[in-house]
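What follows is the residue order along each chain.
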Protein chains: 2
Amino acid sequence: MKTLAQLETPALLLDGEALGRNLARMRKQIAELGVELRPHVKTAKSIDVVRLASGSHAAGITVSTLREAEYFFGHGLRNILYAVGIAPGKLPHVADLIRRGADLSVILDSVAAAESAIAAAVREQVRLPVLIELDVDGHRSGVGPESQLLLTLGKLLADSPNIEFRGVMTHAGGSYQCRSEQALRAMAETERAGAVRAAQRLRDSGVPVQVVSVGSTPTATFAQDLTGVTEVRAGVYMFHDLVMMGIGVCRMEDIALSVLVSVIGHQAERGWVITDGGWMALSRDRGTAAQPIDQAYGVVCDMGGRVLRDDLIVTSTNQEHGIVARRDGGLLDPADYPIGTKLRILPNHACATSAQHSHYEVVAPDGIHVSATWARIGGW
Amino acid sequence: MKTLAQLETPALLLDGEALGRNLARMRKQIAELGVELRPHVKTAKSIDVVRLASGSHAAGITVSTLREAEYFFGHGLRNILYAVGIAPGKLPHVADLIRRGADLSVILDSVAAAESAIAAAVREQVRLPVLIELDVDGHRSGVGPESQLLLTLGKLLADSPNIEFRGVMTHAGGSYQCRSEQALRAMAETERAGAVRAAQRLRDSGVPVQVVSVGSTPTATFAQDLTGVTEVRAGVYMFHDLVMMGIGVCRMEDIALSVLVSVIGHQAERGWVITDGGWMALSRDRGTAAQPIDQAYGVVCDMGGRVLRDDLIVTSTNQEHGIVARRDGGLLDPADYPIGTKLRILPNHACATSAQHSHYEVVAPDGIHVSATWARIGGW
């Protein structure tokens with residue numbers, strides 16, 4: 001077996017034990033709430049990770065691109081929710097996946113999008129599963145649970161013979177702004193209540209609703225009651241990251257993802273250790289910048305994954321250079337970080353950092369060896 | 001031929017005509033200054049683009065990763081400068097490329113790195129070309145042109161039989177902070193003078209210097225005299241971007257790269273048009289945030305590449321969603337941007353945006369058709 005020390009840097013590491021704990025914790029949480037977990041594969045984009053996430057249960061998945069739909073369908077996962085408002089130009093591709101046997105559902109939040117979906121389903125001669133996207137927190141897309149548009153869309157879709165109207169879905173992206181357990185619990189309830197209320201209004205208007213789908217890692221983690229909900233979607237919980245830690249959703253030791261880098265130089269009088277881990281390897285994501293503790297481009301650990309005593313962060317990056325310095329701006333001793341030293345950087349945002357890499361090097365339980373290399377996909 | 005309208009979004013577009021003009025302009029500029037152009041391939045990472053950049057001249061290239069070195073060497077480009085301080089763990093890979101016929105040179109800025117390079121060259125039984133990296137502007141890595149360390153390194157390398165000491169190189173990354181033509185000209189002269197001074201001090205100490213390499217797109221564009229320099233490295237000039245425009249290095253119409261996106265929804269009361277171009281397609285790069293005009297996640301054009309009358313920018317992004325709104329915060333008429341409308345987003349940073357994609361769709365001179373699809377690489 002290869003060791004971490006033998007890897008050419010930068011390399012994307014995935015701690016197999018932390019991953020397993022994260023997956024088990026979320027499965028338990030969602031099972032206890034009595035609903036289905038539909039993992040969002042946009043973080044991992046790897047069949048190896050998603051197979052572990054689903055466990056023995058052949059549940060459905062959530063995707064953010066049709067490329068993900070193609071890849072996971074190619075690996076035998078049929079039940080797929082494409083959770084980005086459908087662009088009319090993608091409907092022929094969706095229809096093609098359905099004709100090949102995928103149970104692929106799309107979402108939309110406007111009459112224009114509904115009309116193009118209806119027309120495409122007729123033209124392509126497929127039965128197209130559709131959900132209405134809800135806006136429960138003013139975060140981004142979706143129709144209001146109390147809106148007239150919700151009922152208009154429900155009736156339009158339910159009355160269209162080539163459409164299989166499934167129900168409603170929402171994503172409380174506003175949960176990323178929460179700063180306390182209380183706020184997270186309240187946001188989870190806002191998400192649940194909005195989705196359930198929308199489903200009830202549709203049913204009251206004579207439109208059957210089968211699916212009530214909610215989800216984000218913070219709300220999934222802090223939900224206490226999901227009455228009326230049928231499924232929860234979440235993705236970043238698999239790996240966790242510094243943004244999740246800043247929100248209070250995970251602890252430092254739950255972060256399963258890191259980037260292995262090498263020290264390539266020093267600028268001692270500035271207190272800098274220079275590594276080969278730039279923004280290309282770490283991503284440009286600065287998700288902690290708006291949080292109480294700004295982690296810059298990431299927290300620095302030793303090769304074993306332990307946070308360094310000097311309290312180091314990656315303060316700035318260029319394409320293939322990362323500047324590591326003490327958080328307090330104090331000088332460090334370059335002799336503690338000789339040229340060639342390998343360090344691990346915990347990322348701000350697991351989705352963004354893993355997207356910069358073609359594969360995961362899975363860290364064995366001994367923390368020294370690479371137990372597997374798992375491919376991941378990207379693109380559209 | 002496929003048309004832009006037929007592309008599934010998001011897609012990375014490369015305007016073939018703008019690319020051609022950018023390449024010709026830089027070739028002319030560097031030829032007039034009487035030095036060699038060694039294109040940096042880290043922006044394009046595509047043999048099709050780099051072949052055009054080099055023109056009939058079989059010049060060397062600059063790379064930022066050994067993956068780039070492998071790819072371009074595989075396409076017949078032998079003369080390669082790896083312009084990131086060499087990590088000891090990569091030396092066996094470098095030696096392997098050299099044994100296979102690559103004229104691959106590495107850079108370093110410390111005695112420890114020099115000693116590991118010397119030891120590796122002996123161990124691997126190769127003749128390893130090395131340059132000393134200089135710091136002329138306090139930007140990042142490198143030794144000072146006036147430092148004793150420069151002479152120590154020069155002597156150490158020149159006296160090592162398995163090392164072929166080539167000379168000095170520097171990158172005036174500080175040029176990205178310049179805000180006037182005068183400042184850019186001064187920075188170009190700082191870069192030249194520092195490199196030439198370092199070369200002179202080495203020669204005066206008895207160490208022969210063959211290569212004096214400088215470069216960044218801003219300094220390459222504004223250099224007026226390169227006496228004593230042998231070659232210029234630059235990469236982003238091929239595509240240009242909003243950061244370069246903000247510095248004054250290019251005009252809006254010189255930006256050859258854009259991301260084609262589709263309108264997928266509206267939140268009319270907030271003045272939002274929602275597209276399928278999120279940070280995964282645009283990158284998280286916010287390089288213009290520190291410039292006088294902050295372009296947020298990019299400037300919005302119509303499908304033909306013309307900047308929209310409403311003065312739209314991508315104000316925020318999620319993974320696969322981009323929110324487009326008026327720069328002044330005013331409301332827009334959703335009817336002007338129906339669901340399915342295709343828009344082009346000009347990127348902050350060409351290197352970061354193109355890195356999110358696996359290929360370029362090359363826009364034909366008619367602005368309507370795709371004349372070619374060019375693959376690009378990523379990773380390490």
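Being a predicted model, the structure only gives us computed values, none of them experimental.

Caption draft 1: Examining the layout of surface pockets more closely. Empty space within the second largest pocket amounts to approximately 990 Å³. Around the second largest pocket, the lining is made up of 49 residues, and of these A:Gln356, A:His357, A:Ser358, B:Gly378 and B:Gly379 lie nearest the centre. Looking at the lining of the second largest pocket, the elements with two or more residues in it are β1 (11-15) and β16 (359-363) of chain A together with β1 (11-15), α3 (66-74) and β16 (359-363) of chain B. Partitioning the lining of the second largest pocket into residue classes produces 19 nonpolar, 16 polar and 14 charged.

Caption draft 2: Structural detail: helix α6 (residues 148-158) of chain B. All names here are of chain B. Along α6, the residues that are buried comprise Leu150, Leu151, Leu153, Gly154 and Leu157. Down the axis of α6, the sector holding all buried residues measures 165°, keeping them to one side. Away from its buried face, by an angle of more than 90 degrees, α6 presents the exposed residues Gln148 and Lys155. The N-capping residue of α6, defined by a side-chain oxygen 3.2 Å from the backbone nitrogen of Leu150, is Ser147.

Caption draft 3: Spatial organisation of the relation of the copies chain B and chain A. Least-squares fitting of chain B to chain A yields an RMSD of 0.0 Å, with the transformation described by 0.0 Å of translation along the axis and a rotation of 180°. Expressed as an axis order, the relation between the two copies is that of a two-fold axis. Relative to the rotation axis, the closest C-alpha in chain B is found at B:Arg284, a distance of 2.6 Å.

Caption draft 4: Inspection of unusual backbone geometry at higher detail. Backbone torsion omega between A:Thr9 and A:Pro10 reads -5°, so that peptide bond is classified as cis. Counting through the fold element by element, A:Pro10 comes out in the segment before β1. For B:His240, which is not glycine, the phi torsion reads 60° and is therefore positive. Mapped onto the secondary structure, B:His240 falls in the loop between β9 (231-234) and α9 (242-247). In this structure, B:Asp311 takes a positive phi of about 55° despite not being glycine. Tracing the backbone through its elements, the reader meets B:Asp311 in the loop between β12 (299-302) and β13 (312-317).

Caption draft 5: Quick peek at the sheet that holds strand β7 (residues 163-170) of chain B. All names here are of chain B. Spatially, β2-β9-β8-β7-β6-β5-β4-β3 is the arrangement adopted by the 8 strands of the open sheet, whose pairing is parallel. Pairing within the sheet leaves two strands with one partner each, and these edge strands are β2 (36-39) and β3 (61-63). Taking each pair of neighbouring strands and ignoring which way they run, the sheet shows an average axis angle of 30°. For strand β8 (residues 211-214) and β9, the ladder comprises 2 bridges, and the chain directions are parallel.

Caption draft 6: Here's a closer look at the confidence of the model for chain A. Here chain A shows a mean pLDDT of 96. Residues at 70 or above account for 99%. Among the scores for the predicted complex, ipTM is 0.97 and pTM is 0.98.

Caption draft 7: Quick peek at the interface of chain B and chain A. On the side of chain A, 53 residues touch chain B, which itself brings 53 residues to the contact. Summed over both sides, the interface of chain B with chain A buries roughly 4300 Å², with 56% coming from carbon and sulfur. On the chain B side of the contact with chain A, B:Glu8, B:Arg140 and B:Trp380 bury the most area, a combined 18% of that side's loss. Run the count over chain B and chain A and you get 6 salt bridges. A salt bridge links B:Asp135 to A:Arg270, with the nearest nitrogen and oxygen atoms 2.8 Å apart. Counting across the chain B and chain A interface gives 24 residue pairs in polar contact (both at pLDDT 80 or more). Those elements that place two or more of their residues in the side of chain B that touches chain A are α5 (111-124), β10 (257-267), β11 (272-275), α10 (279-282) and α11 (350-354) of chain B. Ranked by residue count, the leading element in the side of chain B that touches chain A is β10(B), at 4 residues. Its residues assigned to classes, the side of chain B that touches chain A comprises 21 nonpolar, 20 polar and 12 charged.

Caption draft 8: Looking closely at the packing of α3(B) against helix α4 (residues 91-99) of chain B. Residue and element names in this part refer to chain B. Close contact between α3 and α4 brings their axes to 11 Å; oriented N to C, the two are set at 10°. Put simply, α3 runs roughly parallel to α4. Of the two possible hands of crossing, α3 and α4 adopt the one that is left-handed. Residue-level contacts link Leu66, Ala69, Glu70 and Phe73 of α3 to His93, Val94 and Leu97 of α4. Here the contact of α3 with α4 is built from residues that sort into 5 nonpolar, 1 polar and 1 charged.

Definitions and cut-offs
- Residues numbered from 1 in each chain as written.
- Chains lettered and ligands numbered in written order.
- Predicted model: local features only at pLDDT ≥ 70, side-chain atom pairs only at ≥ 80, totals over all residues.
- Heavy atoms only, no water.
- 1 Å grid on protein atoms, 1.4 Å probe; cavity = no way out; pocket = protein on both sides within 12 Å on 5 of 7 lines; lining within 4 Å.
- Points joined across faces, edges and corners; volume = space filled by probe spheres on them.
- Helix = DSSP H or I, 4+ residues; strand = E, 2+ residues; numbered from the N terminus.
- Nonpolar A, V, L, I, M, F, W, Y, C, P; charged D, E, K, R; others polar.
- Buried < 20%, exposed > 50% of the residue type's maximum accessible area, 1.4 Å probe, protein only.
- Arc of directions from axis to C-beta.
- Polar contact = N/O pair within 3.5 Å; in protein donor to acceptor, adjacent residues only side chain to side chain.
- Least-squares fit on C-alpha atoms with pLDDT ≥ 70 in both.
- Pairing = 2+ DSSP bridges.
- Axes fitted to C-alpha atoms, helices over the stretch in contact; angles between N-to-C directions.
- pLDDT = per-residue confidence, 0-100.
- Contact = heavy atoms within 4.5 Å.
- Buried area = accessible area lost by both parts, 1.4 Å probe.
- Salt bridge = Lys/Arg side-chain N within 4 Å of Asp/Glu carboxyl O.
- Parallel < 35°, antiparallel > 145°, perpendicular 65-115°, else oblique.
- Left-handed = near helix turned anticlockwise from the far one by under 90°.

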